[in-house]
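Chain by chain, the residues run as shown.
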Amino acid sequence: MNPADTSDLWWRTAVIYCLDVETFQDSDGDGYGDFAGLARRIDDLDALGVTCIWLMPFQSTPDRDDGYDISDFYSVDPRLGDLGRVAETIRIAQDRGIRVVMDLVVNHTSDRHPWFRAARRSRDSPFRDYYVWRDRPPRKKQKLVFPGEETSVWELDERTGQYFQHSFYRHQPDLNLANPQVRAEIARIVGFWLKLGVDGFRVDAVPFLISGEGTPDAQDPHSFLRELRRFVGRREGSALLLGEVGLAHEQQVEYFGGDATQLDLQFDFVTAETVFLALARRDAEPLARALSARPEVDVRQGWAMFLRNHDELSLALLADEEREEVFEAFAPEEHQRVYGRGIVRRLAPMLGDDPRRLRLAYSLLFSLPGSPMLFYGEEIGMGELDGDIGRGAVRGPMQWDAGRHGGFTTAQRSRLNRPGPVEGYGPEHVNVHDQRRDPESLWSFISTLASRYRSTPEISWGRLRVLDGGDSRVLVHEAASEGSSFIGLHNFSPEPLTVILPDLSDGQSATVLIESRGSAPQGEHSEQRLDGYGFRWLRLSSSAA
Ligand code: GLC
């Protein structure tokens, strides 16, 4: 592909912002966020520097898995609005140059979905084969996604005497992608939302979608992703498929597919987990190792970088002892851990002992080659909710101002049956209104990062290389492209340090793009002094360029 021909690849330099309409902004005082409320907040996201909004599921749902249990793919949860409001919100965002992608949850439906209700009525139902049924569960034990909450991925349907497969909760029966009718249904769902104007999809639970029983094509499970990619390309050339593939890098390569034929972007789970290991050790070495081994992918594809998301901070890809280290450092209390593999906390309280460390983490997020993703509330350093409530702890209402309910809703407290944020992180301390007016706030810092990221295309397009700065506590990474390169320096330790950059060749100059507050003046550019948890972004360019 001609490298100049990248104009449609908007996702390679996107600043992605994930939000749940239900917890973002309530416009009518019923205690639920809604599309009308979100529409009013688009300007706030624009001001922050967001270029792509990812909407978590907003369709009709019994809401037993926060909307990831859909009972009608063509509808909108009536508490949140209707199709008209969705279309309007998309238009308002796109008018500001912000794209909108939505969750595509088609590994399973809710057990309330009319397909499943029909399917379980009798073995002869025309919808029976929409799901995966067996007379008895296969001998081979399948790994549980929610250990402690589920004991098997097979559930007996008493009435028809067969078991159905559910990779997640028992109320989320898996769709049978081996059935061509199901694949045609998925294509219609995708086609519908593209027509309504979305710019793409965050594809939920991709490995589950194409594996296990009910695989589209046992010989070639990835054929479904190729089919999906082709279909989306035909309907809307510039639409994005952003996949949730929580696997090791080598396995993720298969989900990109040769020659850019499958997913366009994938979340970089390995890097996210390793960042926390490096933070826990106050040493960049594990991260340097993981990044050096990250496979290069096609120029049309890339990595979505994140620190936290709406789920637990999964540490499933780390070794057991490494996971323990991260648990000990960042989730000392039992209720902060779930499923033996993850942490249900937000980032600010995790790193709360030192604000410098929080900024270091966000500087990394925006400078590691890829497309950075923020989970709503991260831009102001929101805390998790206080209590033993599992993944729900990180899904509290957005804090817009210091007023009642943080300006999220005017509803009575009784309608919001969740605990408040952990101490020190309530709306009176942490809110958008105050931080937007304070140039020293986290919001202001993150908006600066977003803007530097957007004006430094080398970060996304450049070739990632980890350099040896002579001290493992500092990550020195380069993203090199023709004519200029980006260099990021991040000190994971609390001690001030000096690292040595390779000497610049003749005629090259270094410009500081951003650095931690109060950085000491620099001497020779080959010698870089960093404060404890300090960071610096440099652009190296040949003077002629
Ligand atoms: C994905 C979502 C998670 C959800 C699950 C089942 O992993 O991120 O929140 O529970 O899929 O849909």
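Each residue is numbered by its place in its chain's sequence as written, counting from 1. Under the rules for a predicted model, residues below a pLDDT of 70 receive no local features and side-chain atom pairs below 80 are neither given nor counted, while totals for whole chains, interfaces and linings still include all residues. Side-chain numbers come from the whole structure's heavy atoms, not from hydrogens or water.

Chemist: Explain the overall build of the protein to me, please; I cannot follow it from the model alone.
Modeler: Secondary structure elements follow DSSP: runs of H or I of four or more residues count as helices, runs of E of two or more count as strands, with numbering from the N terminus. For the protein, the helix and strand inventory stands at 15 helices and 21 strands. All radius of gyration figures rest on C-alpha atoms, and the globule criterion is 2.2 Å times the number of residues raised to 0.38. Radius of gyration (C-alpha) of the protein: 23 Å, near the 24 Å computed for a compact globule of 545 residues. Counting only C-alpha atoms, the protein reaches 80 × 55 × 50 Å along its principal axes. Relative accessible area decides the class of each residue, using a 1.4 Å probe on protein chains only: under 20% of the type maximum gives buried, over 50% gives exposed, and in between gives partly exposed. The proportion of buried residues among the 545 residues of the protein is 60%. Across the protein, every contact between residues at least 6 apart in sequence was considered, and the portion connecting residues at least 24 apart equals 69%. By element, 46% of the accessible surface of the protein is carried by carbon and sulfur atoms, the whole surface being about 21800 Å². Charged-residue counts in this description rest on Lys and Arg as positive and Asp and Glu as negative, His and the chain ends being excluded. Charge positions are represented by NZ for Lys, CZ for Arg, CG for Asp and CD for Glu. Charge centroids of the protein, computed over 63 positive and 85 negative side chains, lie 4 Å from each other. Contacts are residue-level and defined by heavy atoms, with any inter-residue pair within 4.5 Å sufficient. Per-residue and other accessible areas follow the Shrake-Rupley method at a 1.4 Å probe size, with only the shown protein chains counted as cover for residues.

Chemist: What is the right way to look at empty space enclosed by the protein in this model?
Modeler: It is the rolling of a water-molecule-sized probe over the atoms that shows where space remains empty. The distinction between a cavity and a pocket rests on a 1 Å grid over the protein atoms alone: a 1.4 Å probe fits inside a cavity but cannot get out, while a pocket stays open yet meets protein on both sides within 12 Å along at least five of seven lines, and a residue with an atom within 4 Å of a point counts as lining. Grid points are joined across faces, edges and corners, and a volume is the space filled by probe spheres set on the points. Applying the stated criterion to the full structure yields six cavities of 30 Å³ or more. Its boundaries defined by the atoms lining it, the largest cavity holds a volume of some 60 Å³. The wall of the largest cavity is formed by Arg308, Arg346, Leu347, Ala348, Leu358, Tyr362, Phe375, Glu378, Gly381, Met382 and Leu442. For the lining of the largest cavity, the elements supplying multiple residues, two or more each, are helix 11 (347–350) and helix 12 (355–367). Side-chain classes follow a simple rule in which Ala, Val, Leu, Ile, Met, Phe, Trp, Tyr, Cys and Pro form the nonpolar group, Asp, Glu, Lys and Arg form the charged group, and the remainder, Gly included, forms the polar group. The class makeup of the residues in the lining of the largest cavity is seven nonpolar, one polar and three charged.

Chemist: It is not clear to me how the packing of helix 2 (residues 83–95) against helix 4 (residues 180–196) should be interpreted in this structure. Could you clarify?
Modeler: In a pair of packed helices, the angle between the axes and the distance between the axes together describe the arrangement. As a packed pair, helix 2 and helix 4 sit with axes 10 Å apart at the nearest point and diverge in direction by 60°. The angle between helix 2 and helix 4 falls in the class oblique. In this structure, helix 2 contributes Leu83, Val86, Ala87 and Ile90 to the contact, and helix 4 contributes Phe192, Trp193 and Leu196. Here the contact of helix 2 with helix 4 is composed, by residue class, of seven nonpolar, no polar and no charged. Every angle, taken between N-to-C directions, lies between 0 and 180 degrees, and every axis is a line fitted to C-alpha atoms, over only the stretch in contact when it is a helix. Oblique is the label for every angle not falling under 35 degrees (roughly parallel), over 145 degrees (roughly antiparallel), or within 65 to 115 degrees (roughly perpendicular).

Chemist: Teacher, can you tell me more about the nonpolar core here?
Modeler: Burial of nonpolar side chains together is a common tendency in soluble globular proteins. Buried Ala, Val, Leu, Ile, Met, Phe, Trp, Tyr and Cys residues that are joined via side-chain atoms within 4.5 Å together make up what is termed a nonpolar core. Formed by 143 residues in total, the largest nonpolar core has its most connected members in Tyr17, Leu19, Phe201, Tyr362 and Phe366. A total of eight residues in this core trace back to one element, the largest contributor, which is helix 8 (residues 269–281). Counting contributing residues per domain, this core is built from domain 1 (114–165) and domain 2 (462–542), each supplying no fewer than three. Leaving out residues up to four positions away in the same chain, tyrosine 362 has contacts with Leu307, Leu347, Leu374, Glu378, Leu442, Phe445, Ile446 and Leu449. Judged by nonpolar contacts, the second largest core, of 12 residues, contains Val474, Ile487, Leu489 and Leu530. Residue ranges assigned to each domain were obtained from an automatic or database domain assignment.

Chemist: In this structure, what is going on with the layout of surface pockets? I would like to understand it.
Modeler: Put simply, the second largest pocket is a space of about 680 Å³. Taken together, 28 residues form the lining of the second largest pocket, with Arg12, Glu296, Trp461, Gly462 and Arg463 sitting closest to its centre. Residues of the lining of the second largest pocket, tallied by class, amount to 12 nonpolar, nine polar and seven charged.

Chemist: Sorry if this is basic, but what is going on with the pairing of strand 20 (residues 527–530) here?
Modeler: Where burial is concerned, the two faces of strand 20 differ: the one with Gln528 and Leu530 is buried and the one with Glu527 and Arg529 is not. The rule for pairing is simple: two strands pair if DSSP sees at least two bridges between them. Looking at chain direction, strand 18 (residues 497–500) and strand 20 are connected through four bridges and run antiparallel. Looking at strand 20, one finds that threonine 498 is bridged to arginine 529.

Chemist: Just to check I follow, could you spell out the sheet that holds strand 11 (residues 313–314) for this structure?
Modeler: Strand pairing within a sheet occurs via backbone hydrogen bonds; the two strands may be parallel or antiparallel. Strand order in the open sheet made by the three strands is 11-13-12, with antiparallel pairing throughout. The open sheet has two edge strands, strand 11 and strand 12 (337–338), and neither has a second partner. Bridge analysis of strand 11 against strand 13 (residues 342–343) gives two bridges, and the strand direction is antiparallel. When the sheet's bridge partners are listed, leucine 313 is paired in strand 13 with isoleucine 343.

Chemist: Teacher, can you tell me more about the domain arrangement of the protein here?
Modeler: How big an interface is tends to be expressed through the accessible area that disappears when the partners come together. We note that the domain assignment places domain 1 (114–165) and domain 2 (462–542) within the protein. Here the C-alpha centroids of domain 1 and domain 2 sit 55 Å apart.

Chemist: Any chance you could explain the state of the cysteines here in plain terms?
Modeler: By definition, a disulfide links two cysteine residues through a covalent bond between their sulfur atoms. Disulfide assignment relies on a single distance test, namely cysteine sulfur atoms paired within 2.5 Å. Scanning all chains against the criterion turns up zero disulfides. The thiol of cysteine 18 is unpaired, and the distance to the nearest cysteine sulfur, on cysteine 52, comes to 10 Å. Using a relative accessible area of 0% as the deciding quantity, one classes cysteine 18 as buried.

Chemist: I tried to follow the site of the ligand on my own but got confused; where do I start?
Modeler: Being near a molecule or strand, for a residue, comes down to having at least one heavy atom within 4 Å of it. Taken together, Asp65, Tyr68, His108, Phe146, Phe168, Arg202, Asp204, Glu244, His310, Asp311, Arg391 and Arg395 are the residues near the ligand. In this structure, aspartate 204 approaches the ligand through a side-chain N or O atom, which is 2.9 Å from an oxygen atom. For this analysis, a polar contact is any N or O atom pair within 3.5 Å, provided that within protein one partner can donate a hydrogen and the other can accept it, and provided that sequence-adjacent residues contribute only side-chain to side-chain pairs. With respect to the ligand, the side chain of glutamate 244 contributes an N or O atom lying 3.0 Å from an oxygen atom. Protein chains bury 96% of the 310 Å² of accessible surface belonging to the ligand in isolation. Of the residues in the shell around the ligand, the class split is three nonpolar, two polar and seven charged.

Chemist: Looking at this structure, I do not really get the sheet that holds strand 1 (residues 16–19). What am I missing?
Modeler: Taken together, the eight strands give a closed barrel; going around it, the order is 1-2-3-7-8-9-10-14, and neighbouring strands pair in parallel fashion. The mean inter-strand angle of the sheet, taken between neighbouring strand axes irrespective of direction, is 25°. The sheet contact formed by strand 2 (residues 52–55) and strand 3 (residues 99–104) spans four bridges and is parallel. The residue of strand 3 that forms the bridge with tryptophan 54 is valine 101.

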